[in-house]
Amino acid sequence: MKQAALGGGNPVLYHQSVPSFSMPEWAAAAGYDGVVLDLQHGELGLEAACGILRSLPRQSAYSYARVGSLDPAPVLRLLDSGARGIIAPAIESRAEAEALVAAVAYPPVGNRSLGPSRPALYPGDSYTEAGNLAVSVIAQIETKTGVDRAEEIVSTPGLDSVYIGPADLAVSYGLPGRGDWADGPVRAAIAHLREVTTAHGVTLGIYSGQPAYAAGLFTEGLVDYVALGIDLVLLSRAFTDTIAALDPARSSRSTA
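This write-up is about the structure you can find in this document. Since the model is a prediction, treat every value here as computed from it, not as a measurement.

Right, let's talk about the nonpolar core for a bit. Counting 60 residues, the largest nonpolar core has Leu 37, Leu 78, Ile 86 and Val 104 as its most contacted members. Counting 10 residues, the second largest nonpolar core, distinct from the first, contains Ile 87, Ile 138, Tyr 225 and Ala 227.

And the structure:
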């Protein structure tokens, strides 16, 4: 992500909240670049997430996992299983960003333990250097406090990316908990985070539920990557649209 996004690409991922091995295959076949395995919300637990990571192609640079806290133990398990990025939610301070870097990166950048459980996960002359190059440290900013402290967070040595949680961010501003804001404080926060991340050579991503909104962010250069949709929400739309298309025929037969 740190290289592809800065080089002009706009990777598109999706959030996976259910323990399915086939979901990433279907998403990749549809054109998605990768996945955020979401251990913060939904049904996905650590064991299932580690299994899914091992099933994903090794060359995938966007096999990400979002953890529920800064506890380094699950972070280590996910990384050793092949996660190429760790997203930590609700980062609001330099100290929290530093703790995230410490958990994700090998020394001398961080404190990640060297205990590889997969062969040649990071090929190179130096395993630790290759690992630090391959894995992205991603701080999720999703509160007004996090936005206000963006400079101290984004300037943390070893941080690669910031990921915006727009719904929680909206709530922290006293707004309804939804994403895809075209104006107001959430949109201003996105623009501010774009300025700060650009100044520090850090990439910026966001969750979006609507392709048109995400396309607008790309066109305006406001973000480098986007997570477009959540598996259960995407399935809900498909279920709803499919059954709705049949409703007229069902209604006409019931009144005949």
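Next comes the rest of the description.
Scanning all chains against the criterion turns up 8 salt bridges. Of the charged contacts, one joins Asp 38 and Arg 66 as a salt bridge, the two residues approaching to 2.6 Å between their closest N and O atoms. Taken as a pair, Asp 38 in strand S2 (residues 34-38) and Arg 66 in strand S3 (residues 63-66) lie far apart in primary sequence, 28 residues in all. The pair Asp 38 / Arg 66 is uniform in exposure class, with both members buried. Arg 194 serves as the salt-bridge partner of Asp 224, at 3.1 Å between the closest nitrogen and oxygen. Placement of the pair is Asp 224 in the loop between helix H10 (211-219) and strand S8 (225-230) and Arg 194 in helix H9 (residues 184-199), with a sequence separation of 30 residues. As far as the burial class goes, Asp 224 and Arg 194 line up, both buried.

In the segment running from Pro 107 into Pro 108, the intervening peptide bond is cis, with an omega of 10 degrees. Considering the arrangement of structural elements, one finds Pro 108 in the loop between helix H4 (94-104) and helix H5 (127-134). With a phi close to 50 degrees, Ala 120 is a non-glycine residue in the positive phi region. By secondary structure assignment, the location of Ala 120 is in the loop between H4 and H5. At Asp 180, a residue that is not glycine, the phi angle is positive and equals roughly 60 degrees. Mapped onto the fold, Asp 180 is located in the loop between helix H8 (166-172) and H9.

With that settled, consider the side chain of Gln 16. Along the chain, the position of Gln 16 falls in strand S1 (residues 12-16). For Gln 16, a relative accessible area of 0% corresponds to the buried category. Reaching out from Gln 16, the side chain makes a polar contact with the backbone oxygen of Ser 20 at a distance of 2.8 Å.

Quick look at the pairing of S1 now. Taken across its 5 residues, S1 has 5 buried, putting it largely inside the fold. Side chains Val 12, Tyr 14 and Gln 16 of S1 all project onto a buried face; the interleaved residues Leu 13 and His 15 project onto the opposite face, where all are buried too. As judged from the 3 bridges shared by S1 and S8, these two strands associate in the parallel manner. Note that in S8 the partner of Val 12 across the bridge is Val 226. Here S1 pairs with S2 via 4 bridges, running parallel. Residue pairing for S2: Tyr 14 is matched across the bridge by Val 35. Note that the unit made of S1, helix H1 (residues 23-30) and S2 has a crossover that is right-handed.

The rules we used
- Residues numbered from 1 in each chain as written.
- Predicted model: local features only at pLDDT ≥ 70, side-chain atom pairs only at ≥ 80, totals over all residues.
- Heavy atoms only, no water.
- Core = buried A, V, L, I, M, F, W, Y, C linked by side-chain atoms within 4.5 Å.
- Buried < 20%, exposed > 50% of the residue type's maximum accessible area, 1.4 Å probe, protein only.
- Salt bridge = Lys/Arg side-chain N within 4 Å of Asp/Glu carboxyl O.
- Helix = DSSP H or I, 4+ residues; strand = E, 2+ residues; numbered from the N terminus.
- Polar contact = N/O pair within 3.5 Å; in protein donor to acceptor, adjacent residues only side chain to side chain.
- Pairing = 2+ DSSP bridges.
- Right-handed = clockwise from strand over helix to strand, strands pointing away.

Remember, this is a structural readout, not a statement about activity or role.
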